[in-house]
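Next come the chains, spelled out residue by residue.
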Amino acid sequence: MALEREAAVASRVAELREQVRVLTAELHGAQAELEALRAGSASVEPLASLERSDAIRAVLRSVDVSLSPSELRERLVEAGRSDRLNEITATLKYLLDKEVIQRPERGRYLAV
């Protein structure tokens, strides 16, 4: 019985760590967006210093339409990043699996 309880608690700890990671990414994306708004522009300049997943989420949050990986790459490059398309695609898959973005249609992505 003690081993079952330990496994349950370990599982819960892993879930909570993942929630913290997701919330931290959301926080970084929201902070980047807020900084851009306070700077008086809709640009994504602060994205250059964010991790790729945070930068992608911030770009998706900054638009009202779904974007393709190529469109995302264009916006990231404009922000001073040098992410390759295959890296962006892999990150989109990861974020989609974590349910922090949506794919309303094939090849198009939205922030949740």
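Figured I'd write up the structure that's included with this text. Source: prediction; values computed, not measured.

1. Topic: the overall build of the chain
Along the chain, the regular secondary structure elements total four helices and two strands. Element order for the chain, N to C, with α for helix and β for strand: α-α-α-α-β-β. Across the chain, every contact between residues at least 6 apart in sequence was considered, and the portion connecting residues at least 24 apart equals 53%. Counting every atom, the chain has about 7400 Å² of accessible surface; 52% of that belongs to carbon and sulfur.

2. Remarks on the pattern of salt bridges
Applying the stated criterion across every chain yields a total of eight salt bridges. Of the charged contacts in the structure, one is a salt bridge between Arg12 and Glu15, with a shortest N-O distance of 3.3 Å. Here the residue Arg12 and the residue Glu15 both occupy positions in helix α1 (residues 2-38), the gap between them amounting to three residues, near one helical turn. On the basis of relative accessibility, which here comes to 41%, the residue Arg12 falls in the partly exposed class. Look at Glu15 and you get partly exposed, because its relative accessible area is 40%. Glu18 is the salt-bridge partner of Lys98, the closest N and O atoms lying 3.5 Å from each other. Linking Lys98 in the loop between α4 (85-97) and β1 (101-105) with Glu18 in helix α1, this pair joins segments that are 80 residues apart in sequence. By relative accessible area, which is 34% here, Lys98 ends up partly exposed. Taken together, the salt bridges that share partners define one network made up of Arg52, Arg81, Asp83, Arg84 and Glu87.

3. A word on the pairing of β1
As judged from the three bridges shared by β1 and strand β2 (residues 108-111), these two strands associate in the antiparallel manner. Bridging from a neighbouring strand, Ile101 pairs with Ala111 of β2. Taken together, β1 and the strand that follows it, β2, pair antiparallel across an intervening segment of two residues, in which Gly107 is found at a positive phi of about 80°.

4. Looking at unusual backbone geometry
Backbone geometry places Glu99, a non-glycine residue, at a positive phi of 60°. Tracing the chain through its elements places Glu99 in the loop between α4 and β1.

Cut-offs used in this document
- Residues numbered from 1 in each chain as written.
- Predicted model: local features only at pLDDT ≥ 70, side-chain atom pairs only at ≥ 80, totals over all residues.
- Heavy atoms only, no water.
- Helix = DSSP H or I, 4+ residues; strand = E, 2+ residues; numbered from the N terminus.
- Contact = heavy atoms within 4.5 Å.
- Areas by Shrake-Rupley, 256 points an atom, 1.4 Å probe, with all protein chains shown as cover.
- Salt bridge = Lys/Arg side-chain N within 4 Å of Asp/Glu carboxyl O.
- Buried < 20%, exposed > 50% of the residue type's maximum accessible area, 1.4 Å probe, protein only.
- Pairing = 2+ DSSP bridges.

None of the figures reported here should be taken as evidence of function without further support.
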